[in-house]
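# Descriptive analysis of the structure
Below are the chains, spelled out letter by letter.
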Amino acid sequence: MAEEVKAMRLDKFLKVSRIIKRRTVANEACDAGRVTVNGRPAKASVQVKPGDVIEIAFGNKTVKAEVLSVKESIRKEDAENMYRYL
């Protein structure tokens, strides 16, 4: 069972939860100002925790997801349990 942690870097959460496949891509999205956490522009180093709402602009569509749990590592099949789309 993956251990529950209280908070995690935004870029790492996006990768572990598989919202964005690679951490470098997550970093670039944050640096380009395309990611917000709770309505505020977020850098890759922002700590996210359960209850936070992440919004990512992919081209002309926006993905909004609520963080449900933060785990250090997780199996691919269980990754979508870390968040829910809003």
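Further up the page is the structure itself.
Summary of the structure given here.

The rules behind each value
- Residues numbered from 1 in each chain as written.
- Predicted model: local features only at pLDDT ≥ 70, side-chain atom pairs only at ≥ 80, totals over all residues.
- Heavy atoms only, no water.
- Helix = DSSP H or I, 4+ residues; strand = E, 2+ residues; numbered from the N terminus.
- Rg over C-alpha atoms; globule rule 2.2 N^0.38 Å.
- Phe/Tyr/Trp six-rings, centres within 6.5 Å; stacked < 30°, edge-to-face > 60°.
- Buried < 20%, exposed > 50% of the residue type's maximum accessible area, 1.4 Å probe, protein only.
- Contact = heavy atoms within 4.5 Å.
- Pairing = 2+ DSSP bridges.
- Patch = residues over 30% accessible without salt bridge, like charges linked within 9 Å, V, L, I, M, F, W, Y side chains within 5 Å.
- Areas by Shrake-Rupley, 256 points an atom, 1.4 Å probe, with all protein chains shown as cover.
- Salt bridge = Lys/Arg side-chain N within 4 Å of Asp/Glu carboxyl O.
- Lys, Arg positive; Asp, Glu negative; His and termini not counted.
- Charge placed at Lys NZ, Arg CZ, Asp CG, Glu CD.

Looking now at the overall build of the protein chain. Counting its secondary structure elements, the protein chain contains 2 helices and 7 strands. Taken from N to C terminus, the helices and strands of the protein chain fall in the order β-α-α-β-β-β-β-β-β. Its C-alpha radius of gyration of 12 Å places the protein chain within 12% of the 12 Å reference for a compact globule of 86 residues. Taken along the three principal axes of its C-alpha coordinates, the protein chain extends 35 × 25 × 20 Å.

What follows is about the packing of aromatic side chains. For the structure shown, the criterion picks out 1 aromatic pair. On the basis of an interplanar angle of 75 degrees and a centroid distance of 5.2 Å, the ring pair of Tyr83 and Tyr85 is categorised as edge-to-face. When its relative accessible area of 10% is taken as the criterion, Tyr83 is described as buried.

In this section: the environment of Ala65. With respect to the helices and strands, the residue Ala65 is situated in strand β6 (residues 61-67). A relative accessible area of 3% means that Ala65 is categorised as buried. With 46 residues separating them in the primary sequence, Ala65 and Ile19 have C-alpha atoms 9.1 Å apart. Excluding its chain neighbours within four sequence positions, the residues that come into contact with Ala65 are Ile19, Asp52, Val53, Ile54, Tyr83, Arg84, Tyr85 and Leu86.

Pairing within the open sheet is antiparallel, and its 5 strands lie in the order β3-β2-β5-β6-β7. The open sheet is flanked by β3 (40-41) and β7 (83-85), the only strands paired with a single partner. Alignment of strand β5 (residues 53-58) against β6, held across 6 bridges, turns out to be antiparallel. Across the sheet, Ala57 pairs through a bridge with Thr62, a residue of β6.

On the surface, Lys15, Arg18, Lys21 and Lys76 cluster together to form a positively charged patch. For Lys21, the position within the fold is in the loop between α1 (10-16) and α2 (23-31). Residue classification places Lys21 among the exposed positions, given a relative accessible area of 64%.

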